Amino acid sequence: MTVLEVKNLKKSFGSIHAVQDINFSVKAGEIFTIIGPNGAGKTTTLEMIEGLVPPDAGEISFGDLSWNKNSHEIKKKIGVQPQSSAMFDLLTPEENVNLFASFYDKARSTDEILELINLTDHRKNYVKKLSGGQRQRLAIGLAMISDPDIIFLDEPTTGLDPQARRNIWDIILQLKELGKTTILTTHYMEEAEKLSDRVCIVDQGKVVTLDTPSALIEQLTKEREVRLSFVDGPEAAEAANSFAKTFQSVTRTEREGPSLKLWTKAPENTLFDLFGFTKEKSYQVEQVSIREMSLEDVFIAFTGKEWRD
């Protein structure tokens, strides 16, 4: 079931066309991730969907509800964790949750929220003494107070260390288990690839591609990159390079010093034949690896840009 549909969304700030023509729909219960370079229009798109910024053109609908006619009902259905969260540093997490809960007719219990975001042991500490990861978890908790059906998380793990980032991932996956729909923006490719049911790549205010992470990766190529380095130096690498070029499954090769990279549609068969060759020639292979294509490769392929945080 579709819970959010965005059609022909546009937004300009003076001469800057932040969002030029955004179209997508989000299904109930999925983690839908929007990625793109800085200035691509991700946050502006989210702010329009959240009702914080009016679009210049286009339609935003939550099922049968629209901001023009049903703003009160929509506000009950959504929870928002913006990039810069407003919380009170001189209150505790428990006090912050209680305060925000008082703004709603219906609210989840404070104990449930603190347990969900793993802050029960820190419920009496002042927010100003919490770590960056703990503050971000509290921000997500505040977005969950009204028990919304749809949660918007705008770059929730930016600036966090790997452990804190994975703690946020666990919360997002818990939200999915609770049946919540999560719309996420992120700068981290691994995060998008591991969490998302579908990924929407945005560049220059437009959707350039949208699908599951595995389908997007599969679109690129069935080739895999194989890397080898030789104890016996450049001579052995060049001999292996010449041998690999005879394989029909190998599309291209690159040699640099004692290292060889090749792209093949049948990595296991290619390596089997290569190791037979190196054994026959008594060449010693120091390292070997097969690199799978990733969402970062998809991003570069569709936008022509290197990823930047």
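In this text, all values refer to a predicted model and were calculated from it rather than measured experimentally.

One key point about sheets: their strands pair by backbone hydrogen bonds, in either a parallel or an antiparallel sense. Taken together, the four strands give an open sheet; going across it, the order is S12-S13-S11-S14, and neighbouring strands pair in antiparallel fashion. Only two strands of the sheet have a single neighbouring strand rather than two, namely strand S12 (250-256) and strand S14 (285-291). Sheet twist, expressed as the mean angle between neighbouring strand axes with direction ignored, is 15°. The pairing of S12 with strand S13 (residues 259-264) spans six bridges and is antiparallel. The residue of S13 that forms the bridge with Thr253 is Leu262.

Looking now at the environment of Gly179. Assignment of secondary structure puts Gly179 in the loop between helix H6 (162-177) and strand S8 (181-185). On a C-alpha basis, the gap between Gly179 and Ile150 in space is 9.5 Å, while along the polypeptide they are 29 residues apart.

Enumeration according to the criterion identifies six aromatic pairs in this entry. Measuring from centroid to centroid gives 5.6 Å for Phe100 and Phe103, while their planes differ by 55°, and the two rings are tilted. Note on Phe100: relative accessible area 17%, which makes it buried. Given the relative accessible area of 55%, Phe103 is considered exposed. By way of ring pairs, the aromatic residues Phe243, Phe247, Phe277 and Tyr283 are connected into one cluster. Cation over ring: Arg165 sits above Tyr188, and NZ or CZ is 3.8 Å from the ring centre. Taking NZ or CZ as reference, Arg252 lies 3.7 Å from the ring centre of Trp263, over its face.

Bridge count between strand S11 (residues 224-230) and S13: six bridges; the pairing is antiparallel. Along S13, the bridge assignment pairs Leu228 with Leu260. Adjacent in sequence and paired antiparallel, S12 and S13 are bridged by two residues, among which Gly257 carries a positive phi angle near 60°.

The next point concerns the packing of helix H5 (residues 132-143) against H6. Look at H5 against H6: their axes get within 9 Å of each other, and the N-to-C directions meet at 20°. Here H5 lies roughly parallel to H6, going by the angle between them. Pair H5 / H6 crosses with right-handed handedness. Contacts from Gly133, Gln136, Arg137 and Ile140 of H5 reach H6 at Ala164, Asn167, Ile168 and Ile171. The residue makeup of the contact of H5 with H6, split by class, is four nonpolar, three polar and one charged.

It is worth spelling out unusual backbone geometry at this point. At Asp147, a residue that is not glycine, the phi angle is positive and equals roughly 55°. When its relative accessible area of 23% is taken as the criterion, Asp147 is described as partly exposed.

Once that is clear, we can look at the packing of helix H9 (residues 234-244) against helix H10 (residues 267-281). Where H9 contacts H10, the axes come no closer than 11 Å and their chain directions differ by 135°. By the angle between their axes, H9 is oblique relative to H10. The hand of the H9/H10 crossing is right-handed. Of the residues in H10, those in contact with Ala239, Ala240, Phe243 and Ala244 of H9 are Asp273, Leu274 and Phe277. Grouping the amino acids of the contact of H9 with H10 by side-chain chemistry returns six nonpolar, no polar and one charged.

The rules we used
- Starting from 1, residues in each chain are numbered consecutively following that chain's sequence as written.
- Owing to the predicted nature of the model, reporting of local features is limited to residues with pLDDT of at least 70; listing and counting of side-chain atom pairs is limited to 80 or more, with chain, interface and lining totals taken over all residues.
- The side-chain quantities take in all heavy atoms of the structure and omit both hydrogens and water.
- At least two DSSP bridges between two strands are required for those strands to pair.
- Numbering goes from the N terminus for both helices and strands, where a helix is a DSSP run of H or I of at least four residues and a strand is a run of E of at least two.
- Angles shown run from 0 to 180 degrees and are taken between the N-to-C directions of axes, each axis being a line fitted to C-alpha atoms and, for helices, limited to the stretch in contact.
- Only Phe, Tyr and Trp rings are paired, with Trp represented by its six-membered ring, and only when their centres lie within 6.5 Å; those with planes under 30 degrees apart are stacked, over 60 edge-to-face, the remainder tilted.
- Each residue gets one of three labels from its accessible area relative to the maximum for its type: buried under 20%, exposed over 50%, partly exposed in between, using a 1.4 Å probe on protein chains only.
- Each ring is checked for a lysine NZ or an arginine CZ that lies within 6 Å of its centre and within 35 degrees of its normal; such an atom marks a charge sitting over the ring.
- Relative orientations are named as follows: roughly parallel for angles under 35 degrees, roughly antiparallel for angles over 145 degrees, roughly perpendicular for angles from 65 to 115 degrees, and oblique for any other angle.
- Two helices that cross are described as forming a left-handed crossing if the nearer one is turned anticlockwise from the farther one by less than a right angle, and a right-handed crossing if clockwise.
- Contact between two residues is taken to exist if any of their heavy atoms lie within 4.5 Å; hydrogens are not considered.
- Basically, the charged four are Asp, Glu, Lys and Arg, the nonpolar ten are Ala, Val, Leu, Ile, Met, Phe, Trp, Tyr, Cys and Pro, and anything else, Gly included, counts as polar.

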